[in-house]
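Here is how the chains run, residue by residue.
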Amino acid sequence: MADDLGRRWLFADQLGPHFLDQLRQPVLLVESRNAFARRRFHRQKAHLVLSALRHRAVELGRQARFVQADTYTAALAQIDEPLTVCGPTTHAAQRFVERQESVTVLPARGFVTSRADFANWAANRGRRRLLLEDFYRDVRVRREILMDGTTPAGGRWNFDHDNRQPPPRGSSRLGAPDPWWPEEDEIDVQVRDDLDRWERDDSVGFVGSDGPRRFAVTRSEALSALQHFVEHRLPVFGAHEDAMLAGDDWMAHSLLSAPLNLGLLDPLEVVEAAEESYRSGHAPIAAVEGFVRQIIGWRDWTWHLYWHFDQEYRTRNALNARRHVPDWFQDLDAEGNVQARCLSESLRGVRENGWAHHIQRLMILGNYALQRGWRPDQVTDWFHRSFVDGYDWVMVTNVVGMSQHADGGLLATKPYAAGGAYINKMSDYCGSCPYDPKVRVGPDACPFSAGYWWFLSRNAERLRDNHRLARPLKQLETLEGIEEVVLQEHDRGSEAP
Ligand code: SF4
């Protein structure tokens, strides 16, 4: 009986059917305005979350109590029955639900592996590092994903080499079929009106532009987006997954991170759909492996590390990066002051879409923050607020560990710092940039190329024992004009380049 199951409180990132134990289970949905008032989120992120919540409330009808209140505490004060909730996705929310006497907290859902699975895997490693590649292979074996018996499908675990090709020469677009786009409805109109009103009465401030909704907010939309991706874009996803083109914001990426992180898709069904595409001969193994790696590798791994590390992890600052994230970056270059094309294009994408793909995030935006020595906690907060798919659990380990190397190398074996040569190879940005990726000193000096050496010079002592940096640190010792580079970049500091 549905009533025996109790009312299930669904957070706004637990909106899919797998967060219920029975189809007709009573539900509580809470929309808290204060959640958006505390920090400046991207306008499209607020729209996406509100639209998803309100669509779910309409879909569930009388099965759901939908409470719109200033705070979660105020919402819960209106509920006079016991609740159950699946483990929420942040430490703060976890503490909050555990404090509520009337709420029973169940294990978290929404990932391929459980917290217990990860704990067992980590415990069995002894003193060995928690490496993504090892975790990913373990999950593939245990869940029999892309496996032919005991052999990885296609004969290899890793197709990164095939999937790291530069963009096609002489083309401003990748040429992948267009992504699936949603059609807005009256709920989106109502959300837009509410957000306009909140902004007008000054109770909430946003960054980024309003724009057409680009991501799925219902289960049915999410399934359409998944099906469209697997049918039309997955076959061409792999080869250029690390490439960047100024004229192609979406390349062949799935755009499924937003509906996945709203809980609208079960990651296992996403992985199974991709594997089926390979098994039926529709998509090549390199593309499918690269995509599956994103889901059961990166996504699950990041989730588990968020809970595995202590809560002080988010405040780590191993490279002693103390500069504040500047306003032009916080505002997503709203005034158009950035001349460096890679940076201005990546910030434009975030401003217009609330989204940029993983290489823009890691090798342009995160790389620049790392080189400039911006505070990792502020960079983490920026990524969380500015991206439609950004949540605390996603960003803490990804930014502190992966992107900013602020954990001293617990997660990544070397800092993701790169100069203009990498960006020039993997994009078409440099051709029409006022800077030159080969120049380190003078008015044409590429801020990424010069910034790379400034970063290394500042941190040479701290990174001395990192064997993966042995070569560039050796080069640094005899680099022509390094004193000039350091002075120049110190002066450039955090100004818009
Ligand atoms: Fe970016 Fe430097 Fe290339 Fe300009 S020259 S696009 S700043 S990497």
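Conventions and cut-offs
Sequence order as written defines the numbering, with residues in each chain counted from 1. Selection of residues for local features in this predicted model requires a pLDDT of at least 70, selection of side-chain atom pairs for listing and counting requires 80 or more, and totals for whole chains, interfaces and linings are taken over all residues. In computing side-chain values, all of the structure's heavy atoms are included and hydrogens and water are not. By the criteria applied, helices consist of DSSP H or I runs no shorter than four residues and strands consist of E runs no shorter than two, each listed in order from the N terminus. When accessible area is computed with a 1.4 Å probe and restricted to protein chains, residues below 20% of their type maximum are described as buried, those above 50% as exposed, and intermediate ones as partly exposed. We call two residues contacting when some pair of their heavy atoms lies within 4.5 Å. Charge assignment: positive for Lys and Arg, negative for Asp and Glu; neither His nor the chain ends contribute. A charge is said to be at NZ when it belongs to Lys, at CZ for Arg, at CG for Asp and at CD for Glu. In this entry, domain limits derive from an automatic or database-based domain assignment. Take the accessible area each of two parts loses on contact, using a 1.4 Å probe, and add the two losses: that sum is the buried area. Residue classes follow a fixed rule: Ala, Val, Leu, Ile, Met, Phe, Trp, Tyr, Cys and Pro count as nonpolar, while Asp, Glu, Lys and Arg count as charged, and any other residue, Gly among them, counts as polar. Inter-axis angles, ranging from 0 to 180 degrees, are taken between N-to-C directions of lines fitted to C-alpha atoms, where helices are fitted over the stretch in contact. Roughly parallel means an angle under 35 degrees; roughly antiparallel means over 145; roughly perpendicular covers 65 to 115; every other angle is labelled oblique. Take the far helix as the reference: if the near one is turned anticlockwise from it by less than a right angle, the crossing is left-handed, and if turned clockwise, right-handed. Using only the protein atoms, space was sampled on a 1 Å grid; points where a 1.4 Å probe fits but cannot get out form cavities, open sets with protein on both sides within 12 Å along at least five of seven lines form pockets, and lining residues are those with an atom within 4 Å of a point. Grid points are joined across faces, edges and corners, and a volume is the space filled by probe spheres set on the points. Paired strands are those between which DSSP finds at least two bridges. The salt bridge criterion pairs a side-chain nitrogen of Lys or Arg with a carboxyl oxygen of Asp or Glu, the two atoms within 4 Å.

In this section: the overall build of the protein. Broken down by element type, the protein carries 20 helices and seven strands. When its C-alpha atoms are laid out on the principal axes, the protein stretches across 75 × 60 × 45 Å. Within the protein, the fraction of its 497 residues that count as buried is 58%. Taking the intrachain contacts of the protein between residues at least 6 apart in sequence as the baseline, contacts between residues at least 24 apart amount to 74%. Taking the 61 positively charged and 70 negatively charged side chains of the protein as two groups, their mean positions are separated by 4 Å.

We note that the domain assignment places domain 1 (2–106), domain 2 (115–182 + 217–308) and domain 3 (312–492) within the protein. Taking only C-alpha atoms, the centre of domain 1 and the centre of domain 2 are 28 Å apart. With both sides pooled, the region where domain 1 packs onto domain 2 buries about 1,300 Å², and carbon together with sulfur makes up 67% of that total. Three residues, His18, Leu48 and His91, lead the burial of domain 1 against domain 2; their summed loss comes to 34% of the area buried on that side. In terms of residues, the side of domain 1 that touches domain 2 owes the most to one element, helix H2 (residues 43–60), which gives six residues. Residues of the side of domain 1 that touches domain 2, tallied by class, amount to eight nonpolar, nine polar and two charged.

Another aspect to go through is the packing of helix H6 (residues 132–143) against helix H11 (residues 285–308). In a packed pair of helices, the relevant descriptors are the angle between the two axes and the axis-to-axis distance. Viewed as axis vectors pointing N to C, H6 and H11 meet at an angle of 110°, and their least axial separation amounts to 9 Å. In terms of orientation, H6 lies roughly perpendicular with respect to H11. Relative to H11, the crossing made by H6 is right-handed. Contact residues: H6 offers Leu132, Glu133, Phe135, Tyr136, Val139 and Arg140, while H11 offers Glu289, Val292, Arg293, Ile296, Gly297, Trp298, Asp300, Trp301 and His304. Looking at the contact of H6 with H11 residue by residue, the classes come out as eight nonpolar, two polar and five charged.

As a further point, take the layout of surface pockets. If you add up the space inside the second largest pocket, you get close to 1,100 Å³. For the second largest pocket, the lining is made up of 38 residues, of which Ala35, Arg38, Arg39, Thr90 and His384 are closest to its centre. At the level of elements, strand S2 (27–32), helix H1 (34–37), H2, helix H3 (72–76), helix H4 (91–99) and helix H15 (376–386) are the ones that each hand at least two residues to the lining of the second largest pocket. At five residues, H4 tops the list of elements feeding residues into the lining of the second largest pocket. Among the residues making up the lining of the second largest pocket, the classes are represented as 17 nonpolar, 11 polar and 10 charged.

Once that is clear, we can look at the packing of H11 against helix H16 (residues 392–403). In the contact formed by H11 and H16, the axes pass within 8 Å of each other and the chain directions differ by 90°. The angle between H11 and H16 places the two elements in the roughly perpendicular class. On H16, the residues touching Trp298, Arg299, Trp301, Thr302, Trp303, Leu305 and Tyr306 of H11 are Asp392, Trp393, Val394, Val396, Thr397, Asn398 and Met402. Each residue belonging to the contact of H11 with H16 can be placed in one class, and the counts come to nine nonpolar, three polar and two charged.

Here we take up the pairing of strand S5 (residues 103–106). For a regular strand, the rule is simple: side chains alternate between the two faces of the sheet. The pairing of strand S4 (residues 83–86) with S5 spans four bridges and is parallel. Opposite Cys86, over in S5, you have Leu106 as the bridge partner.

Attention shifts here to the pattern of salt bridges. Tallied over the full model, the rule gives 47 salt bridges. In this structure, the salt-bridge partner of Arg164 is Asp242, at a minimum N-O distance of 3.5 Å. Pair noted here: Arg164 is in the loop between strand S7 (151–152) and helix H7 (186–200) and Asp242 is in the loop between helix H8 (219–233) and helix H9 (257–261), with a separation of 78 residues, a long-range link. Across the pair Arg213 and Asp188 runs a salt bridge whose closest N-O atoms are separated by 2.9 Å. Pair noted here: Arg213 is in the loop between H7 and H8 and Asp188 is in helix H7, with a separation of 25 residues, a long-range link. Across this residue pair, the class does not change: Arg213 and Asp188 are buried. Through salt bridges with shared partners, a single network forms among Glu133, Arg137, Arg140, Asp160, Arg164, Asp242, Glu289 and Arg293.

What the five strands build is an open sheet, ordered S3-S2-S1-S4-S5; its pairing is parallel. Looking at strand neighbours, the two that pair on one side only are strand S3 (64–69) and S5, the edges of this open sheet. Going from strand to strand, the sheet's axes swing by 30° on average, the running direction of each strand aside. Taken together, the three bridges between strand S1 (residues 7–10) and S4 define a ladder with parallel strand orientation. Within S4, the residue paired with Arg8 across the bridge is Thr84. In the packing of H2 onto the sheet, the strands contacted are S1, S2 and S3, and the crossing angle to S2 comes to about 150°.

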